[in-house]
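Coordinate analysis (summary)
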Amino acid sequence: METPFDKMTKPADRIVYVRSVDVADLPFELQEQAEGLTRIFAVHRGNGERLALVADKRMAFALAREHDFAPVSVH
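Residues numbered from 1 in each chain as written. Predicted model: local features only at pLDDT ≥ 70, side-chain atom pairs only at ≥ 80, totals over all residues. Heavy atoms only, no water.

Glancing now at the sheet that holds strand E2 (residues 39-44). Overall, mixed pairing links the four strands, which are arranged E3-E2-E1-E4 in an open sheet. Pairing within the sheet leaves two strands with one partner each, and these edge strands are strand E3 (50-54) and strand E4 (70-73). Strand-to-strand, the axes of this sheet are offset by a mean angle of 30 degrees, without reference to chain direction. As defined by bridge partners, strand E1 (residues 15-22) adjoins E4 across four bridges and the pair is classed as parallel. By the bridge assignment, Tyr 17 is partnered in E4 with Val 72. Sheet contacts for helix H2 (residues 57-66): E1, E2, E3 and E4; angle to E4, the most-contacted strand, approximately 150 degrees. (Pairing = 2+ DSSP bridges. Helix = DSSP H or I, 4+ residues; strand = E, 2+ residues; numbered from the N terminus. Axes fitted to C-alpha atoms, helices over the stretch in contact; angles between N-to-C directions. Contact = heavy atoms within 4.5 Å.)

Below you can see the structure in the form of structure tokens.
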């Protein structure tokens, strides 16, 4: 199964950005899936496209690296 990560092939596309997200700012459908968390972490492409939402920062970095990306933290 192809993931959004699979579409990124140029060297500049190998950088992804990790930032914290307040669960309250997400659509209701995603809030329901957050299982009581108030903050989660998003992995984004340089153009802002969200690739993933995960429970913690460490997991976000691990996910990016697992797919051969260079994660960068964004405040």
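Taken together, the side chains of Ile 15, Tyr 17, Val 72 and Val 74 make up a nonpolar region of the molecular surface, amounting to roughly 270 Å² of accessible area. Relative to the elements of secondary structure, Tyr 17 occurs in strand E1. (Patch = residues over 30% accessible without salt bridge, like charges linked within 9 Å, V, L, I, M, F, W, Y side chains within 5 Å. Areas by Shrake-Rupley, 256 points an atom, 1.4 Å probe, with all protein chains shown as cover. Salt bridge = Lys/Arg side-chain N within 4 Å of Asp/Glu carboxyl O.)

The subject of this paragraph is unusual backbone geometry. Here the phi dihedral of Glu 35 falls at roughly 50 degrees; this positive angle occurs in a residue that is not glycine. Within the element layout of this structure, Glu 35 appears in the loop between helix H1 (28-33) and E2.

Our next topic: the pattern of salt bridges. Applying the stated rule across the entire model yields two salt bridges. Across the pair Arg 45 and Glu 49 runs a salt bridge whose closest N-O atoms are separated by 3.1 Å.

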